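# Coordinates in review
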Amino acid sequence: MAQPYDLVFRARRLIGPNGETSGSVGIRDGRIAVVDAHDADLAAERVVELADDEVLLPGLVDTHVHVNDPGRTEWEGFETATRAAAAGGVTTIVDMPLNSLPPTVDADALEVKRTTAAPQAHVDVGFWGGAIPGKLDELRGLHEAGVFGFKCFLLHSGVDEFPPLNSAELDTALRELASFDAMMIVHAEDSEAIEQAPTPHGEDYGDFLASRPKGAENLAIAQVIELARRIGARVHILHLASADALPLIASARADGVRVTVETCPHYLSFTAEEIPDGATQFKCCPPIREAANRELLWKALADGTIDCVVSDHSPCTPELKRLDIGDFGVAWGGVSSLQLGLPAIWTQARQRGYSLADVVSWMARKPAELAGMRTKGSIAVGNDADLCVFAPDDAFVVDVAKLEHRNPVSAYHGRPLAGVVRSTWLRGTQIAGDGADTPPEASSSPAARCDPHQTTVLVKTAPCQRSP
């Protein structure tokens, strides 16, 4: 008789690599051992039968998260960020190299990040390295230490310890990364275009929008593409907001330039026309643009010009958002949405005729492929048993007081969303939802945190594996 599985899921609706089906998923030692028919005779120590209104999804992969830990943990931290991720069906995040102190710009700083994350994380965590002036000789060492790629800015990042690259430095960095086929991820806004734009001030969102024009994105993206074309480097455009750049990106790809693109739930959910005066919780850079622009981003997702959707979860304290005066010129930019990405995108996607399989492709499979995570992002034999039980026809109204990230600020507050994450599973262990090892009402206590040995600090290998 075959050895029983540790756990079996039975789902009348399951999003697999080839779309929606029904099936049973057998799990052994934290990996998916079999995907079979719904009524397959699979013996297991525990069987989870999904309800008729639930769909089994792979755990989401969010490759754009600012955890800010260590150094700015009053903004966020690994304990709260990864708890929010788990509550939102996200089982793997990749942390950005800035806003923590020290920034992740050399191997020593990476080790600080890993040491900080390991005892706190509720989900698997990987790291981007940083490319900044004066530290370009550290890129190979960081790559060999296991970062998933490198981030740079082309204008001031918002924090002085992570300065931008000028054109010559970007050229040098891309040549170095091309020598070992690492990827550069770029905050693409042109500094000179921003300097020539009106200075943002006051409560009028239109004034802030004018201070970050589409042209700034378009110019920077053109520069990155042309350098990638000349050098043969791999580049990725972060948080695309300007739909004007889409034809340029599509043309570059047709020419064989290795460029990928992401956008974010806030660019696909909100429009500039609906943002109230003084509502600085909506401030982010690049900014949320007009309704017509939003629809073009959706079309680009559908045709594959945009590869994936990730959060750009960029939190801060309520004081830094300056909600007291509502001044877009002085408020910190960033939208807190790590827990809300799946329902936010599903709410908009279903209205436009897209399927849950589309959403899973954009938010799980393609981000995992982007980062080179070969055991993440899909329900397939051999992959980690990272799963999300999702009720797509359920609904809720966002209440920031009930979200798991550290500070109760979010542009989604008061917004009705379709779809509820009922439970999240990391390598076959439940980490969120009723019956989880870490119930939300108890998770603020360190003693109540899930066993850190259940989570993994990821390194970029082939395939991803536990760090030594």
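The structure displayed is predicted, hence computed values, not measured ones. (Residues numbered from 1 in each chain as written. Predicted model: local features only at pLDDT ≥ 70, side-chain atom pairs only at ≥ 80, totals over all residues. Heavy atoms only, no water.)

### Let's talk about the overall build of the protein
The helix and strand tally for the protein stands at twelve helices and 19 strands. A compact globule built from 468 residues should have a C-alpha radius of gyration of about 23 Å, and the protein, at 21 Å, falls within 12% of that. Dimensions of the protein, computed from C-alpha atoms along their principal axes, come out at roughly 70 × 45 × 45 Å. Contacts in the protein between residues at least 24 apart in sequence constitute 74% of all its contacts with a sequence separation of at least 6. (Helix = DSSP H or I, 4+ residues; strand = E, 2+ residues; numbered from the N terminus. Rg over C-alpha atoms; globule rule 2.2 N^0.38 Å. Contact = heavy atoms within 4.5 Å.)

### As for helix 8 (residues 246-254)
An α-helical segment advances 3.6 residues per turn. Residues three or four places apart therefore align on the same side. Taken residue by residue, helix 8 has Leu 246, Ile 249 and Ala 252 as its buried positions. Axial view of helix 8: buried residues confined to an arc of 130°, hence all on one face. What points out from helix 8, more than 90 degrees from its buried face, is the exposed set Pro 247 and Ala 254. Where helix 8 is buried, its residues contact helix 7 (214-231), strand 13 (259-263) and helix 10 (291-303). Once helix 8 finishes, Gly 256 follows within two positions and takes phi at roughly 95°, a positive value. (Buried < 20%, exposed > 50% of the residue type's maximum accessible area, 1.4 Å probe, protein only. Arc of directions from axis to C-beta.)

### Some points on the packing of aromatic side chains
Inspection of the entire model under this criterion finds twelve aromatic pairs. When the centroid spacing of 5.4 Å and the interplanar angle of 75° are considered together, the rings of Tyr 205 and Phe 328 count as edge-to-face. On the criterion of sequence distance, the pair formed by Tyr 205 in helix 6 (residues 205-211) and Phe 328 in the loop between strand 14 (308-309) and helix 11 (341-351) is long-range, its members being 123 residues apart. We note that Tyr 205, like Phe 328, is buried. Connected via pairs of aromatic rings, a cluster forms that spans Tyr 205, Phe 208 and Phe 328. Here Arg 72 stacks its cationic end above the ring of Trp 75, 5.3 Å away from the centre of that ring. (Phe/Tyr/Trp six-rings, centres within 6.5 Å; stacked < 30°, edge-to-face > 60°. Lys NZ or Arg CZ within 6 Å of the ring centre and 35° of its normal.)

### A look at the pairing of strand 10 (residues 150-153)
A two-sided burial pattern is seen for strand 10, the buried positions comprising Phe 150 and Cys 152 on one face and Lys 151 and Phe 153 on the other. Alignment of strand 9 (residues 129-130) against strand 10, held across two bridges, turns out to be parallel. Each residue of the ladder has a partner; that of Gly 129, found in strand 10, is Phe 150. Once the chain exits strand 9 it traverses helix 3 (residues 139-145) before rejoining the sheet at strand 10, and the crossover so formed is right-handed. Bridge count between strand 10 and strand 11 (residues 183-187): four bridges; the pairing is parallel. Among the inter-strand pairings, Lys 151 is bridged to a residue of strand 11, identified as Ile 185. For the handedness criterion, the β-α-β arrangement of strand 10, helix 4 (residues 167-179) and strand 11 is classed as right-handed. (Pairing = 2+ DSSP bridges. Right-handed = clockwise from strand over helix to strand, strands pointing away.)

### Digging into the pairing of strand 6 (residues 60-65)
Of all six residues making up strand 6, six are buried, and the element is well covered by its neighbours. Where strand 6 meets strand 7 (residues 90-95), four bridges bridge the pair, whose relative direction is parallel. Among the inter-strand pairings, Leu 60 is bridged to a residue of strand 7, identified as Val 90. The handedness of the strand 6 to strand 7 crossover, carried by helix 1 (residues 78-87), is right-handed.

### Some remarks on the side chain of Ser 314
On the secondary structure map, Ser 314 appears in the loop between strand 14 and helix 11. A relative accessible area of 8% places Ser 314 in the buried class. Each residue touching Ser 314, except ones within four places of it in the same chain, is listed here: His 66, Trp 332, Gly 333, Gly 334, Val 335 and Ser 336.

### Overview of the sheet that holds strand 13
Taking strand neighbours across the sheet as the criterion, the six strands line up as 9-10-11-12-13-14 in an open arrangement whose pairing is parallel. Each edge of the open sheet is held by one strand with a lone partner, namely strand 9 and strand 14. This element, helix 7, spans strand 11, strand 12 (234-237) and strand 13 of the sheet and lies at about 165° to strand 12. (Axes fitted to C-alpha atoms, helices over the stretch in contact; angles between N-to-C directions.)

### Overview of the packing of helix 4 against helix 7
When two helices pack together, their arrangement is given by the angle between the helix axes and by the axis-to-axis distance. The contact between helix 4 and helix 7 brings their axes to 10 Å, and the two run at 40°. Here helix 4 is positioned oblique relative to helix 7, judged by the angle of their axes. Crossing angle aside, the handedness with which helix 4 passes helix 7 is right-handed. Where helix 4 approaches helix 7, its residues Ser 167, Leu 170, Asp 171, Leu 174, Arg 175 and Ala 178 are matched on the opposing element by Gln 223, Val 224, Leu 227, Arg 230 and Ile 231. Looking at the contact of helix 4 with helix 7 residue by residue, the classes come out as six nonpolar, two polar and three charged. (Parallel < 35°, antiparallel > 145°, perpendicular 65-115°, else oblique. Left-handed = near helix turned anticlockwise from the far one by under 90°. Nonpolar A, V, L, I, M, F, W, Y, C, P; charged D, E, K, R; others polar.)

### Comments concerning the UniProt feature "domain: Amidohydrolase-related" (unreviewed entry) in the protein
The UniProt record annotates "domain: Amidohydrolase-related" (unreviewed entry) at residues 55-428. Measuring from the first to the last C-alpha atom of residues 55-428 gives 16 Å, for a span that is 34% helix and 17% strand. (UniProt positions renumbered as here; feature names shortened; annotations may be inferred.)

### Describing the pattern of salt bridges
Tallying each qualifying case throughout the model produces 31 salt bridges. The salt bridge involving Lys 214 is made with Asp 244; its shortest N-O contact spans 3.9 Å. Pair noted here: Lys 214 is in helix 7 and Asp 244 is in the loop between strand 12 and helix 8, with a separation of 30 residues, a long-range link. A salt bridge links Lys 376 to Asp 384, with the nearest nitrogen and oxygen atoms 2.9 Å apart. (Salt bridge = Lys/Arg side-chain N within 4 Å of Asp/Glu carboxyl O.)

### Some points on the sheet that holds strand 8 (residues 124-127)
What holds strands together in a sheet is hydrogen bonding between their backbones, with the strands either parallel or antiparallel. The parallel open sheet is built from three strands, whose spatial order is 6-7-8. The open sheet has two edge strands with one neighbour each: strand 6 and strand 8. Each adjacent strand pair in this sheet contributes to an overall mean axis angle of 20°, direction not counted. For strand 7 and strand 8, the ladder comprises four bridges, and the chain directions are parallel. Its bridge partner being in strand 8, Ile 93 is matched across the sheet by Val 125. Sitting on the sheet, helix 1 is in contact with strand 7 and strand 8, with an inclination near 140° to strand 7.

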